[in-house]
Amino acid sequence: EPFAGSGTTALNVDYDRYLISDINPDLINVMKWVVSSPKKVIESLRPFFRGDYNSKQAFHALRDRYNASTDPKERATLFIYLNRHCYNGLMRYNLSGGYNTSFGDYKSPSIPEEQIYSFSKHFKGRTKFVCKPFDKLKFVRKPGAHVYCDPPYLPASKTASFAAYSKEGFKREQHIQLDARAKFWAEQCASVWVSNHSVPVLAEC
């Protein structure tokens, strides 16, 4: 899966091996730690899921701390905190690579303990996590391999243009490149699936 996102698709299919990739290093960092040490992840989160951290002021302070941090474990912990406290669980970055989603103002966000353990159990021992652009991703292509691509969607209208899941964004040119790469993968794989909006530029692919 070249665009890991939340990992929902891979979580709902059962294969002997998985290759999960994403261009966002923070996302891959979180996934690796959750799979290898779910209990440590949960313990690291506990101090941040108290009432005094569920405020706009605390959220902004921890968002700034996350953007300034270079420690992988701290960034992973704050990544999950921000995801559970931000608006709609949205992962959004500015052009400088700074996380800039706004505060969600939820009544009582909780640690997703069950989901963390479930994620770890599903992927542990049979998954390789990598951080690469889709066009740099290499894997053994064979008849039993299936590829699912869920890239940032092309805007269905002029007012629906969000694709800031990483500082690089994902533009029309990348969608055309993905179409070519998907056709290349399909030459030796059992199936290749690509999700997107139905928009005119895709009719050219």
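Residues numbered from 1 in each chain as written. Predicted model: local features only at pLDDT ≥ 70, side-chain atom pairs only at ≥ 80, totals over all residues. Heavy atoms only, no water.

Enquirer: What's the story with the packing of aromatic side chains in this structure? I'm lost.
Expert: Aromatic rings considered in pairs are described by the distance between their centres and by the relative angle of their planes. For the structure on display, the rule yields 13 aromatic pairs. Each ring, one from Phe48 and one from Tyr81, has its centre 6.3 Å from the other, and the planes form 55°; the classification is tilted. Taken together, the positions of Phe48 in the loop between α3 (38-45) and α4 (56-68) and Tyr81 in helix α5 (residues 72-85) put the pair 33 residues apart, joining distant regions of the chain. A cation sits over an aromatic face here: Arg75 above Tyr66, 4.3 Å from the ring centre. (Phe/Tyr/Trp six-rings, centres within 6.5 Å; stacked < 30°, edge-to-face > 60°. Helix = DSSP H or I, 4+ residues; strand = E, 2+ residues; numbered from the N terminus. Lys NZ or Arg CZ within 6 Å of the ring centre and 35° of its normal.)

Enquirer: Could you clarify how one ought to interpret the state of the cysteines in this entry?
Expert: Each disulfide is one covalent bond, formed between the sulfur atoms of two cysteines. Applying the stated rule across the entire model yields zero disulfides. No disulfide involves Cys189; its sulfur sits 9.8 Å from the nearest other cysteine sulfur, which is in Cys149. (Disulfide = S-S within 2.5 Å.)

Enquirer: Help me understand helix α2 (residues 25-36), please; the structure alone is not making it clear to me.
Expert: For α2, which comprises twelve residues, the first-to-last C-alpha distance of 17 Å matches the rise-based estimate of 16 Å (1.5 Å per residue) to within 8%. For α2, the complete set of buried residues consists of Asp26, Leu27, Ile28, Val30, Met31, Trp33, Val34 and Val35. Where α2 is buried, its residues touch β1 (18-21), α3, α4, α5, α6 (113-123) and β2 (127-130). One side-chain oxygen at the N-terminal end of α2 lies 2.9 Å from the backbone nitrogen of Asp26; it belongs to Asn24. (Expected span 1.5 Å × (residues − 1). Buried < 20%, exposed > 50% of the residue type's maximum accessible area, 1.4 Å probe, protein only. Contact = heavy atoms within 4.5 Å. Polar contact = N/O pair within 3.5 Å; in protein donor to acceptor, adjacent residues only side chain to side chain.)

Enquirer: So what exactly am I meant to see when it comes to the side chain of His85 here?
Expert: Its location among the elements puts His85 in helix α5. By relative accessible area, which is 2% here, His85 ends up buried. From its side chain, His85 meets the backbone oxygen of Tyr81 in a polar contact 2.8 Å long. Each residue touching His85, except ones within four places of it in the same chain, is listed here: Phe48, Phe49, Tyr53, Asn54, Phe59, Phe103, Gly104, Asp105, Tyr106 and Pro109.

Enquirer: What should I look at first to understand unusual backbone geometry in this one?
Expert: Residues other than glycine predominantly adopt negative phi, and peptide bonds predominantly adopt the trans conformation. One non-glycine residue, Asn88, lies in the positive phi region at around 60°. Residue placement: Asn88 occurs in the loop between α5 and α6. With a phi close to 55°, Asp105 is a non-glycine residue in the positive phi region. Inspection of the secondary structure puts Asp105 in the loop between α5 and α6. Assessed through its relative accessible area of 60%, Asp105 is described here as exposed.

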